[in-house]
Structure formats: structure tokens, C-alpha cells
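Working through the structure, step by step
This is what each chain is made of:
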2 protein chains.
Amino acid sequence: MRRLEEMIEKQGRVLPGNILKVDCFLNHQLDVKLLDEVAGEFFRLYSDAKVEKVLTLEVSGIAVAALTALKFGVPMVFAKKTQSANMSEEKYVSRVFSYTKNREYEITVAKEFLRPGERVLIVDDFLANGKALEGLLDLLRQAGSVPVGAAIVIEKGFQGGGDRLRGQGFRVESAAVVDAMADGHIVFRS
Amino acid sequence: MRRLEEMIEKQGRVLPGNILKVDCFLNHQLDVKLLDEVAGEFFRLYSDAKVEKVLTLEVSGIAVAALTALKFGVPMVFAKKTQSANMSEEKYVSRVFSYTKNREYEITVAKEFLRPGERVLIVDDFLANGKALEGLLDLLRQAGSVPVGAAIVIEKGFQGGGDRLRGQGFRVESAAVVDAMADGHIVFRS
């Protein structure tokens, strides 16, 4: 999406460690008009996918996931992050390794909110190495739900997670794919 | 809002300790169509308030705050919760006591996202004793922003926070006010 790429170019800051800081419109302050346009693009891309639910991960995926779910007219569920979750009768649990924080954390969803056979679109703000997305897919696998694909606001293509999942036959659509960040200059995939 | 009250009656569960569990449509799984109607009600109530920004607190206020900000066509900012935040040049910090968790936590907003004189509407999913709302008001006071009021999805009226703030002349509007919960029966303020 050209308008999103322009916003990343104008407002994003490249920090050491391949960090793309976009907290002025995506992670802390939110440009909801832009995010609503992104949600409209997700709806267009997955309009034939018979989406019945949107799944995201707290915190910064929630706004765009809510706007996307509203386009489809379906409920949204967010997985919760915890330091350590016990397996229980009531919830699905998966483990995710965070390279940014260099530690593992757990993500959980109450079992009552994921149903067998339900067609679920995963929405998130960022996709880098793909570990969070794999954790969400693991929760859906446990529930017997049907993941129809992922819709990502910004994919860091050079970190490979998106292309690895595409290589496995999983559909990943990103509103903007950053293929390189060097000397503060951002290169988008065309 | 009658439809919200019906949803609370139908789907909410009253747990020991005056806890109203509504995670099937507000806190974990989200009925975004209902929340969009609530956001429309907030827009109607504050349509004359010249709102320039919406402020909420992570996590469960984010979706309804995003939908509300979209109605007004303004940015949304969410305050972050941390265990302990150092005062710094870059962010405003306030302390909030949580009765649910029986401990204090810090809430922060980057200084660049709250401006002096800016007219800010606070949106949140719950209002009980009002401590979180007072913390958000403290952040706005530090920034010199103008709080035009609060828009709350569910106010637990019997915990007194909303009426205390109204008594101080601050505008608080709630889509549903629960005045009593006894034996699983919920009484709404008319």
C-alpha cells in the first residue's frame, strides 16, 4: 500500500539492531484512519476466504485487528502474553521466542473462543522472523480451527519469516514489505 | 445503551469479589459490531466537545478507543503499563493502584504524543474505583492537555469512581452503568 509506505518513509525511524520504530502511527500513537485503510485492503485481499473470526496477539495488533474484524462483520480474539502459563483445561497455550527481548514467553487463548473448523484470519502489526505467527498457528492447530492466512501491516522481509511460511504453502499478505534498511534508507518490495 | 445492557445480562458472569466477567465480548473475544455501536454513541455524546485525540490504557481499552477515534477522525494514543518506569525526559509517568491485583503499577505515555492545549477524550472499557482514570488524567495534567471527558463502556457504579469524578465537575459518560450485582442478578442505572 503506497500510503503506508510513504508513512513509514516519512515517520519511521531505523534504530540499531534492525529495529523499525513506527510508534507515532502504529505502536503507541495510532493513525486510525490509515489503519482503517489497511483493514480495508485486508478485507479486499481475503474477501473470498470465508473468514469467520480474526485472531491477533496483544498489544499492538489489537487496533488493526478490530478494524479488520469490523469489515468482515466477525468477532475478534486476541491471544494474551504471559511470563509462564500452566497448561489447563480452559486454555490453549503455545511458546514463542522473542529475538527482540531474547527470551521465551507464552501466549494463550481461552478454549471457548477458538472452535474446530472455524475459518480464522490472523492479523498482526509486524512480521519479522515469524515466531509470533507460528505461535498463533499452533494455537489454531490445537483448536482444530482453519487458518485461512495472515494479514500483516509491516513485514520485515529481510528477516525471512514471511517467505518461510509462504514456502510452506501458508498465505501471507502484507500491506508493506521492507526488504532492506541501510543507513536509515528503507527499501520496499515492489 | 440497551443493546449493551442486554449483552451484559446475557453473556456476563458475576464472579466472587464483585468481578463482572465479560471476556466473551469485551476483554478477550470482542464483539466489534457492538463496540462500534458503543463508539458511535460516544461520538454522539461528545460531538460538540472538539475532540482532537483519544487516550486509553492498554490492553482492553484499545479496540473501543480505536473505533471511537475513527468516528472523530483523530489519532488514538494508548498509555503503557509497566512494573516500574523511571521518570525520564521522554515520557510522562503516573502511578495507579490496582485493587484487583492489590499492587501499584506505572502508566506512561511518550511526551511527543500529548501536547499542551490539545483536547483529549479518555476512552476505556471499565470504570470501577476510578484509579486508572485518575492516572490518565494525571498524565494529561502533566502534559498541559485539556481532558474533555471520559467515555466508558461499562461503569461499575457501586464502586463509586465515576460519581466521585462527576462530583469534581469532570464529565463521565458510560454506555452502561451497573449499580448492583447480587446473586448473579445485575441492576442497571436507568
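Everything below is about the structure printed above this text.
Quick word on the overall build of chain A
The secondary structure content of chain A amounts to six helices and eleven strands. A globule of 190 residues ought to have a C-alpha radius of gyration of about 16 Å, and chain A, at 16 Å, matches this closely. Overall size of chain A, expressed as C-alpha extent along the three principal axes, is 50 × 35 × 35 Å. Within chain A, the proportion of its 190 residues that are buried is 55%. Of the contacts formed within chain A by residues at least 6 apart in sequence, a portion of 60% connects residues at least 24 apart. As displayed, chain A has an accessible area near 8,200 Å², and 47% of this comes from carbon and sulfur atoms. Computed over 26 positive and 26 negative side-chain charges, the separation of the two mean positions in chain A equals 2 Å.

Looking at the interface of chain B and chain A
Opposite the 31 residues of chain B that make contact, chain A presents 31 residues. Of the roughly 2,600 Å² buried at the junction of chain B and chain A (both faces included), carbon and sulfur atoms supply 69%. For the pair chain B and chain A, the interface holds zero salt bridges. The interface formed by chain B and chain A contains ten residue pairs in polar contact (both at pLDDT 80 or more). Residue contributions to the side of chain B that touches chain A peak at six residues, all from helix 4 (residues 62–72) of chain B. In the side of chain B that touches chain A, the residues fall into 18 nonpolar, five polar and eight charged. In this structure, strand 5 (residues 76–82) of chain A lies alongside strand 3 (residues 29–30) of chain B, joined through two bridges in antiparallel fashion. Bridging from a neighbouring strand, Val77 of chain A pairs with Gln29 of chain B of strand 3 of chain B.

As for the relation of the copies chain B and chain A
At an RMSD of 0.0 Å, chain B and chain A line up after a rotation of 180° and a shift of 0.0 Å along the axis. The operation mapping one copy onto its partner corresponds to a two-fold rotation axis. When each C-alpha of chain B is compared by its distance to the rotation axis, Ala63 of chain B comes out closest, at 2.6 Å. Take the interface residues of chain B: 100% of them recur as interface residues in chain A, which is what a same-surface contact looks like.

Description of the packing of helix 4 (residues 62–72) of chain A against helix 3 (residues 32–45) of chain B
Where helix 4 of chain A contacts helix 3 of chain B, the two axes come as close as 9 Å, and the packing angle between them is 105°. Considering the angle they form, helix 4 of chain A stands roughly perpendicular to helix 3 of chain B. In this structure, helix 4 of chain A uses Ala66, Ala69 and Leu70 of chain A to contact helix 3 of chain B, whose residues at the interface are Val32, Lys33 and Asp36 of chain B. By residue class, the composition of the contact of helix 4 of chain A with helix 3 of chain B is four nonpolar, no polar and two charged.

Considering the side chain of Ser174 of chain B
Residue and element names in this part refer to chain B. Mapped onto the fold, Ser174 is located in strand 10 (residues 172–182). Taking the relative accessible area as the measure of exposure, Ser174 reaches 18% and is therefore buried. A distance of 2.6 Å separates the side chain of Ser174 from the side chain of Glu155, its partner in a polar contact. Setting aside residues no more than four positions away along its own chain, Ser174 makes contact with Ile152, Val153, Glu155 and Arg166.

Focus on the pattern of salt bridges
Enumeration over the complete set of coordinates arrives at 38 salt bridges over all chains. One salt bridge in this structure joins Glu5 of chain A and Arg2 of chain A, with 2.9 Å as the shortest N-O distance. Placement of both Glu5 of chain A and Arg2 of chain A in helix 1 (residues 2–11) is noted, with a separation of three residues, approximately one turn of the helix. In this structure Glu5 of chain A comes out as buried when scored by relative accessible area, which is 12%. As a salt-bridge pair, Asp36 of chain B and Lys71 of chain B come within 3.2 Å of each other at their nearest N and O atoms. With a gap of 35 residues between them, Asp36 of chain B in helix 3 and Lys71 of chain B in helix 4 connect regions that are remote in the sequence. Judged by its relative accessible area of 32%, Lys71 of chain B falls in the partly exposed class. Each of Glu155, Asp163, Arg166, Asp179 and Arg189 of chain A takes part in one network of salt bridges that share partners.

Rules and cut-offs
- Within every chain, residues take consecutive numbers counted from 1 along the sequence as written.
- Chains and ligands are labelled by the order in which they are written, letters from A for the one and numbers from 1 for the other.
- Only residues with pLDDT of at least 70 are given local features in this predicted model, and only at 80 or more are side-chain atom pairs given and counted; all residues enter the totals for whole chains, interfaces and linings.
- With hydrogens and water excluded, all non-hydrogen atoms of the structure serve as input to the side-chain values.
- Secondary structure counts use DSSP, requiring at least four H or I residues in a row for a helix and at least two E residues in a row for a strand, with both numbered from the N terminus.
- The quantity called the radius of gyration is restricted to C-alpha atoms. Its globule counterpart is 2.2 Å times the number of residues to the power 0.38.
- Each residue's exposure class comes from its accessible area (1.4 Å probe, protein chains only) as a fraction of the maximum for that residue type: buried when under 20%, exposed when over 50%, partly exposed otherwise.
- Contact criterion: two residues are considered in contact whenever any of their non-hydrogen atoms come within 4.5 Å of each other.
- In these tables, accessible area is a Shrake-Rupley quantity obtained with a 1.4 Å probe, and a residue counts as shielded only by the protein chains included in the view.
- We treat Lys and Arg as the positive residues and Asp and Glu as the negative residues; His and chain ends play no part in the count.
- Every charge is mapped onto a representative atom, which is NZ of Lys, CZ of Arg, CG of Asp or CD of Glu.
- When two parts are brought into contact, each loses some accessible area as probed by a 1.4 Å sphere; the total of that loss over both is the buried area.
- Salt bridges, as used here, are contacts in which a Lys or Arg side-chain nitrogen is within 4 Å of a carboxyl oxygen on Asp or Glu.
- N or O atoms within 3.5 Å of each other form a polar contact, as long as, within protein, one can give a hydrogen and the other can take it, and as long as residues adjacent in sequence are counted only when both atoms are side-chain atoms.
- Residues are sorted three ways: Asp, Glu, Lys and Arg are charged, Ala, Val, Leu, Ile, Met, Phe, Trp, Tyr, Cys and Pro are nonpolar, and all the rest, Gly among them, are polar.
- Pairs of strands are assigned from DSSP output, requiring at least two bridges between the strands.
- C-alpha atoms of residues with pLDDT of at least 70 in both copies form the basis for the least-squares superposition of the copies.
- In this analysis, axes come from line fits to C-alpha atoms, helices being fitted only over the stretch in contact, and the angle between any two N-to-C directions falls in the range 0 to 180 degrees.
- Roughly parallel means an angle under 35 degrees; roughly antiparallel, over 145; roughly perpendicular, 65 to 115; everything else is oblique.

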